[in-house]
Amino acid sequence: MEKIIEQSLMAQLARENLEPRPGDLAEFAKIIELYVENLKTLHSVNLSADELAPVFRPEWTGKYLNE
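All values derive from a computational prediction rather than experimental measurement.

Peer 1: In this structure, what is going on with unusual backbone geometry? I would like to understand it.
Peer 2: The general pattern is negative phi for most residues beyond glycine and trans for most peptide bonds. A positive phi angle is found at Asn 17, which is not glycine, with a value near 60°. When you line up the elements, Asn 17 lands in the loop between helix H1 (3-15) and helix H2 (24-44). Of the residues examined, Asn 17 reaches a relative accessible area of 71% and is grouped as exposed.

Peer 1: Any chance you could explain the pattern of salt bridges here in plain terms?
Peer 2: Here the idea is simple: oppositely charged side chains can pair when their charged atoms come close. Under the defined criterion, the tally for this structure stands at three salt bridges. Here Glu 16 and Arg 15 are joined by a salt bridge, their closest N and O atoms 3.5 Å apart. Residue Asp 24 pairs with Arg 21 through a salt bridge whose shortest N-O separation is 3.6 Å. Judged by relative accessible area, Asp 24 falls into the buried class, the value being 19%. On the basis of relative accessibility, which here comes to 60%, the residue Arg 21 falls in the exposed class.

Peer 1: Can you help me understand the packing of H1 against H2 in this one?
Peer 2: How two helices pack is summed up by the angle between their axes together with the distance between the axes. At their nearest, the axes of H1 and H2 sit 12 Å apart, and the two run at 115° to each other. Seen from above, H1 lies across H2 with right-handed handedness. Along the contact surface, H1 presents Ile 5, Glu 6, Leu 9, Met 10 and Leu 13, while H2 presents Leu 25, Phe 28 and Ile 32.

Rules and cut-offs
Residues numbered from 1 in each chain as written. Predicted model: local features only at pLDDT ≥ 70, side-chain atom pairs only at ≥ 80, totals over all residues. Heavy atoms only, no water. Helix = DSSP H or I, 4+ residues; strand = E, 2+ residues; numbered from the N terminus. Buried < 20%, exposed > 50% of the residue type's maximum accessible area, 1.4 Å probe, protein only. Salt bridge = Lys/Arg side-chain N within 4 Å of Asp/Glu carboxyl O. Axes fitted to C-alpha atoms, helices over the stretch in contact; angles between N-to-C directions. Left-handed = near helix turned anticlockwise from the far one by under 90°. Contact = heavy atoms within 4.5 Å.

Here it is in structure tokens:
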């Protein structure tokens, strides 16, 4: 996980009075990396004037979170 993202995440957790357990940051990193990869893919698509209709597929979450 990039240092700036880790610092931002830690600040967010501190603001909510939460402290990550050992291993939590590694799990957060998997989720954030997946999110960033999907954002990069989304931003690379030229939709012209078309509107985006996001879709949630729950099977995606299990694939990456249980590795």
